[in-house]
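Listed below are the residues making up each chain.
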Amino acid sequence: MTALLRIDNLYKQYKGSKFFLSSGFRNAVGPINFTLEKGKILTIIGENGSGKSTLVQMIAGVIPSTSGDIYINDHALATMTRQDRCKSVRMIFQNPKVSLNPKMTIGKILSAPLELNTDLTAAQRKQQIIATLELVGLLPDYLQFYPNMLSAVQQHQVAIARAMVLNPDVVIADSILSTLDISLGFKIVNILLKIQEKKGVSFIFISHHMNLVRHISDQIIVMQKGIIVENNTTDNIFNSPQKMITKNLLKSQQPDYRK
Amino acid sequence: MLINNEFNEQKIQSPLHYIWSIFLKNNFAVFAMWVGIGLILISLFADVIVLYSPFLQDPEHLLSAPYWIEGGTTEHLFGTDDLGRDTLARLIKGFQFTFGGALVITCAITFVGAIIGSTAALTRGLKASVLHHLLDALLTIPTLLIAFILIVLFDPSYQNALIAVSLSLLPQFIRGIYNTIDSQLNKQYVVALQLDGATNIRLLRFGIYPNILEPIVTLVNRIFTMAILEIATLGFLGFGTQSPDIELGKLIADSIDLSYLSPWLIILPGLLIFIIIMVVNIFTEGLRHAIIQGED
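It should be emphasised that the depicted structure is a prediction, and the values quoted were computed from it without experimental measurement.

What exactly am I supposed to notice about the sheet that holds strand β2 (residues 25-36) of chain A here?
Hydrogen bonds between backbone atoms are what pair the strands of a sheet, whose relative direction is either parallel or antiparallel. Residues and elements named next belong to chain A. Strand order in the open sheet formed by 4 strands is β2-β1-β4-β5, and the pairing between neighbours is antiparallel. Strands with a single pairing partner mark the edges of an open sheet, and in this sheet they are β2 and β5 (75-76). Two strands pair when backbone bridges link them, and strand β1 (residues 5-15) and strand β4 (residues 67-72) are joined in this way by 5 bridges, in the antiparallel orientation. The residue bridging Arg6 from the neighbouring strand is Tyr71, located in β4.

It is not clear to me how the interface of chain A and chain B should be interpreted in this structure. Could you clarify?
Interfaces are often sized by the amount of accessible area the parts lose when they come together. Listed as interface residues are 28 residues of chain A and, on the opposing side, 23 residues of chain B. A buried area of about 2,100 Å², summed over both sides, lies between chain A and chain B, and 63% of it is on carbon and sulfur atoms. If you look at where chain A meets chain B, you find 3 salt bridges. With a closest N to O distance of 2.8 Å, Asp196(B) and Arg90(A) form a salt bridge. Linking chain A to chain B there are 9 residue pairs in polar contact (both at pLDDT 80 or more). Those elements that place two or more of their residues in the side of chain A that touches chain B are α2 (82-88), β6 (89-92), α3 (96-99) and α4 (106-117) of chain A. With 5 residues, the top contributor of residues to the side of chain A that touches chain B is α4(A). The residue inventory of the side of chain A that touches chain B, partitioned by class, reads 15 nonpolar, 8 polar and 5 charged.

Explanation requested: the nonpolar core in the structure shown.
Considering soluble globular proteins, one finds that nonpolar side chains tend to be buried as a cluster. Of all hydrophobic cores here, the largest spans 60 residues; its most connected members are Ile208(B), Ile228(B) and Ile276(B). When residues of this core are assigned to their parent elements, the largest contribution, 12 residues, is made by helix α7 (residues 158-184) of chain B. Apart from residues no more than four positions distant in its own chain, Ile208(B) is found in contact with Ile181(B), Gln184(B), Leu185(B), Val190(B) and Leu203(B). Counting residues in hydrophobic clusters, the runner-up holds 42 residues, among them Tyr142(A), Ala173(A), Leu192(A) and Ile195(A).

Would you mind going over helix α6 (residues 152-164) of chain A with me for this structure?
Three or four residues apart is the spacing at which side chains of an α-helix point the same way, because the helix has 3.6 residues per turn. Residue and element names in this part refer to chain A. Between the first and last C-alpha of α6 there are 18 Å, a value that for 13 residues agrees with the 18 Å anticipated at 1.5 Å per step. For α6, the buried fraction is high: 12 of the 13 residues fall into the buried class. Every buried residue belonging to α6 is among Val153, Gln154, Gln155, His156, Gln157, Val158, Ala159, Ile160, Ala161, Arg162, Ala163 and Met164, and all of these are buried.

Sorry, what's going on with unusual backbone geometry here?
Omega for the peptide link from Ser243(B) to Pro244(B) comes to 5 degrees, which places this bond in the cis form. Despite not being glycine, Asp74(A) has its phi angle at roughly 65 degrees, a positive value. Looking at the element boundaries, Asp74(A) is found in the loop between β4 and β5. One non-glycine residue, Ser175(A), lies in positive phi territory at about 35 degrees. Turning to its location among the elements, Ser175(A) is positioned in the loop between β7 (170-174) and α7 (182-199).

Rules of the game
- Residues numbered from 1 in each chain as written.
- Chains lettered and ligands numbered in written order.
- Predicted model: local features only at pLDDT ≥ 70, side-chain atom pairs only at ≥ 80, totals over all residues.
- Heavy atoms only, no water.
- Pairing = 2+ DSSP bridges.
- Helix = DSSP H or I, 4+ residues; strand = E, 2+ residues; numbered from the N terminus.
- Contact = heavy atoms within 4.5 Å.
- Buried area = accessible area lost by both parts, 1.4 Å probe.
- Salt bridge = Lys/Arg side-chain N within 4 Å of Asp/Glu carboxyl O.
- Polar contact = N/O pair within 3.5 Å; in protein donor to acceptor, adjacent residues only side chain to side chain.
- Nonpolar A, V, L, I, M, F, W, Y, C, P; charged D, E, K, R; others polar.
- Core = buried A, V, L, I, M, F, W, Y, C linked by side-chain atoms within 4.5 Å.
- Buried < 20%, exposed > 50% of the residue type's maximum accessible area, 1.4 Å probe, protein only.
- Expected span 1.5 Å × (residues − 1).

Right, dumping it as structure tokens:
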């Protein structure tokens, strides 16, 4: 079985080095190599500043990579048209309060990706948007609303709907639960799991809640200082962590409250 | 943003309507808006309104005072100047040139500056960098000095004064628009639109401009105020409007020798400039507060 997403020697470098007046490049992320199969959930964990966000932003196309390739179904993302790229990889931004335009209605926000990337007529677009809103558990009435009229969870649902409206293969969720408390966070996670069950999309998560990570993910990548130090299935990572950083991450995030 | 109509159906206001409804609650600013509209109407129909031609000389009444002061007549409400020309007519005619010119300049600067500023903010690399440094160099020279230099290059006249003032104020506006758009480009909703594959025009229309109303209102207000002051200053110093044409700054300059004999010839045009600037500032301040309140 071929992998849905394959990352091949991906690098991100910034100009300039740590030393004064010396030219050169500073490695932010890389080399990165991993694969993700269809319908699986991959979680990236790591300390702050370990390059998790840079990595997923490169995959989503927010920032360009310095070198290396990203393949989806064995097509390099760099050679795909912008529309195909949009249809295959979508990103859910961290905080919907700032990622949803306050001056656009939910309907306009959701129809923008359809208008720009598909040839659907207005009626078909509306049908697709309503279907997507139902998928994330919102009523069609919300089309007329502006983002600041919705609650935090509903805003998250709209952000998920914006990612799902094009029926992508891979959806990236960059620490989306950090702005919600854990009970509402689980509501969002359940929506995502339901979507994954229905549509068979692959998810790439970044999260700091280890219990949640254990619950949802099939595969875990541990990053430190821009490189992958461990890449294994969830059971292997949690039962027999190999590296010190992994052990620390797991330990620090699982306090035993009963003591 | 939810308002109920008489059938108790919930209707959703657009952000612009919401901002406007907040603005309408500010009585002071609404009054300033109506006064401003009145001023625009006066400047449009100045030739119809005036009772006397501003150039008609009345040898019977030389240097007469306004009617509420002893020695004044109701024939000339605001008095006459040393050649017996009606001050009210001259004020209205001068107001037409100053206010109307500033209005035209502001519209032109807003249009041209918005295009250049948006283009500069959305392009990267050499072109943007060249423009950036050019603007920086221009901003080091005071605007009035640029206007003087341009006037010296052309001939002093009303049209050339307008061109000089608009060219001297343009860099400020471009720089302001550039900075505000540049700050918007880091916002996540703009990044999300870019990820959707939006063209630059769509990005500006839906993503950026609706969210930078407040800085634009402030910028336009400042440009308008400075335009009025600069046109009047150029006229006062003799670099702008030439006789027999009149303009508020020139009215003051013409009567400066008569300041002891009839001080109202100086006071009235000065007061008019003050009123224009106050009205415009109160109106835009109300608008700005409404926008800020509406965005919360």
